[in-house]
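# Topology and contacts: notes
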Amino acid sequence: MMTTGSPTRSTADRILGIETSCDETAAALVVRGTDVLSSVVSSQIELHQRFGGVVPEVASRAHVELLMPVVSQALVEAGVADNEVEAVAVTHGPGLVGALLVGLSAAKALSLVWGVPLVGMNHLEAHLYAAFLEEPDLEMPMVFLLVSGGHTMLIVMEDHLRYRVLGSTLDDAAGEAFDKVARYMNLGYPGGPVIDRLAVDGDPTAISFPRAMAHDGWDFSFSGVKTAVVNHVRKHPDVDVNDVAASFQEAVVDVLVDKARRAAREVGAKGLCLAGGVAANSRLREKLLDVCVADGYRAFLPSRAMCTDNAAMVAAAGWWRLQADGPSAMTIGAEPSLRLPSI
Ligand code: KG4
Ligand code: ZN
């Protein structure tokens, strides 16, 4: 199936996106779901680092302080006045309930004051739309590997806003496994970028970590490999940290890429696309590209800034949702466990 392309009629093209589902406070101005006029991301990483992970209450309080300055900066950088914003799209789930409520309350207030539509967005759907910011004409069906701190999903996008979830993780998300392994080894938070960096100087074949469920359906499991790393480091305290990082990363990436490759073949996909924070991983990007070249699929790897949480992806997905479903009701609430709408 080909993409249906952009809708012909549009009532609100200049959309302010707001994202506060976890530890990034972000706002962006995007036109017609593709043209990014500004994308401001204020990371709270330093605030959470000393706790070794995101502390929900600390995140909510930081969002309260940071959000309006971030929105103002996004408008200024875009050169767009308040009265030129045509809709406000905001993540209302999944995520941390307190963090979501900050963005949602601000978005409702702005929508009321400016008299423009409110669009409540699914964070997972927004991650998928990061791809269209840089490649508006992606052909479908497309297999997406959505890998973040909270989710690991294999998704077929049949057309705009139409998804089929093939599989997801049964325990830890891929990013969560990176973060937990790094935390155990005292490497800091978030763990993904650190392990990615250390792995460059390590040997990916040094330690053979398990590849759980590699040939078994579409679901994933990463808690076993995490435990295997912990056990190995306990038994071999002098092991080379770079080798552990490279071998662990290789085990995770092997499973992700093998399943995505099989899925693309099975559904006759036009290509494979990465989404979510773990999509910033160097080895994952390299390996996915290799298999796409070998199998003749198009590989699409969004820029690293668009893989991790940002508000441009929220505004982009919001544009499509607004065309399809119209504005959200002012009564929408935060939905910490919101799922991707599946056909
Ligand atoms: O999508 P995201 O920014 O937030 C969520 O929605 O979860 O993803 C954050 C996750 C964290 O677990 C982080 O460790 C991981 O993405 N991550 C990476 C890399 N950069 C971020 N994992 C592996 N390699 C990276 N380079
Ligand atoms: Zn995310």
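Owing to the predicted nature of the structure, the values given are computational and were not obtained by experimental measurement. (Residues numbered from 1 in each chain as written. Chains lettered and ligands numbered in written order. Predicted model: local features only at pLDDT ≥ 70, side-chain atom pairs only at ≥ 80, totals over all residues. Heavy atoms only, no water.)

### Notes on the sheet that holds strand β4 (residues 87-93)
Quick note on the threshold: Two strands form a pair only when DSSP identifies at least two bridges running between them. Numbering of helices and strands starts at the N terminus; helices are DSSP runs of H or I of at least 4 residues and strands are runs of E of at least 2. For helices, the fitted line uses only the C-alpha atoms of the stretch in contact; every axis is such a line through C-alpha atoms, and the angle between N-to-C directions lies from 0 to 180 degrees.
The sheet built from five strands is open, its strands ordered β3-β2-β1-β4-β5 with mixed pairing. The open sheet has two edge strands with one neighbour each: β3 (35-43) and β5 (118-122). In this sheet, adjacent strand axes meet at a mean angle of 20° when their direction is disregarded. Two elements, β4 and β5, share five bridges in a ladder whose sense is parallel. The partner of A89 across the bridge, within β5, is V119.

### Let's talk about the confidence of the model for the chain
Note the threshold: Scored between 0 and 100, pLDDT is the confidence that the predictor attaches to each residue. Contacts are assigned to residue pairs that have any heavy atoms within 4.5 Å of one another.
Averaged over the chain, the pLDDT score is 94; the fraction of residues at 70 or greater is 97%. Confidence drops under a pLDDT of 50 for residues 1-9, and excluding neighbours within four residues, the segment shows 25 contacts in the predicted structure.

### Concerning unusual backbone geometry
In this chain, M140 is followed by P141 through a cis amide linkage whose omega measures 5°. Its location among the elements puts P141 in the loop between α4 (123-134) and β6 (142-147). The omega angle of the peptide bond from Y189 to P190 is -5°, so this bond is cis rather than trans. Note on placement: P190 falls in the loop between α5 (174-184) and α6 (191-199). Positioned with a positive phi, N186 is a non-glycine residue whose angle comes to about 55°. Tracing the sequence through the fold places N186 in the loop between α5 and α6. With a phi angle near 55°, M213 is a residue other than glycine that sits in the positive phi range. When you line up the elements, M213 lands in the loop between α6 and α7 (223-235).

### Section: the layout of surface pockets
One water molecule sets the probe size; rolling that probe over the atoms shows where empty space is left. Rule in force here: Site definitions follow a grid-based scheme: protein atoms alone, a 1 Å grid, a 1.4 Å probe that fits but cannot get out for cavities, and for pockets an open set with protein on both sides within 12 Å along at least five of seven lines, plus lining residues having an atom within 4 Å of a point. Grid points are joined across faces, edges and corners, and a volume is the space filled by probe spheres set on the points. In this classification, the charged set is Asp, Glu, Lys and Arg, the nonpolar set is Ala, Val, Leu, Ile, Met, Phe, Trp, Tyr, Cys and Pro, and all remaining amino acids, among them Gly, are polar. Delimitation of the domains relies on an automatic or database domain assignment.
Considering only enclosed or pocket space, the largest pocket measures out at about 1300 Å³ in volume. Forming the boundary of the largest pocket are 43 residues, of which S148, G149, G150, D179 and Y189 lie nearest the centre. Going through the elements one at a time, β3, α4, α5 and α6 are the ones with two or more residues in the lining of the largest pocket. Element by element, the count of residues in the lining of the largest pocket is highest for α5, at six residues. Within the lining of the largest pocket, the residues separate by chemical class into 16 nonpolar, 17 polar and ten charged. Residue-level mapping places the lining of the largest pocket at the junction of two domains, with at least three residues from each of domain 1 (14-129 + 308-325) and domain 2 (138-306). In this structure, the second largest pocket spans a volume of roughly 250 Å³. Forming the walls of the second largest pocket are 14 residues, and the residues nearest its centre are L124, H151, M153, S168 and R339. Among the secondary structure elements, those contributing two or more residues to the lining of the second largest pocket are β7 (152-159) and β8 (162-168). Residues of the lining of the second largest pocket, tallied by class, amount to five nonpolar, seven polar and two charged.

### Quick notes on the site of ligand 1
Stated precisely, the cut-off is as follows: Being near a molecule or strand, for a residue, means having at least one of its heavy atoms within 4 Å of it. Polar contact is the term for a pair of N or O atoms within 3.5 Å; when the atoms are in protein, one must be able to donate a hydrogen and the other to accept it, and sequence-neighboring residues count only if both atoms are side-chain atoms. Note that accessible areas follow from Shrake-Rupley with a 1.4 Å probe, and for residues the cover is restricted to the protein chains shown. Cavity and pocket membership follows a simple rule, namely that a molecule belongs there if more than half of its atoms are within 2 Å of the grid points.
Close to ligand 1 lie 20 residues; G149, D179, G192, D196 and G277 are nearest. Here an oxygen atom of ligand 1 and a backbone polar atom of G149 are 2.8 Å apart. The backbone of G175 places a nitrogen or oxygen atom 3.2 Å from an oxygen atom of ligand 1. Within the complex, 89% of the 550 Å² of free accessible area of ligand 1 lies under protein. Taken atom by atom, the bulk of ligand 1 overlaps the largest pocket. Of all the elements, α6 adds the most residues to the shell around ligand 1, at four residues. A domain-level breakdown of the shell around ligand 1 finds at least three residues from each of domain 1 (14-129 + 308-325) and domain 2 (138-306).

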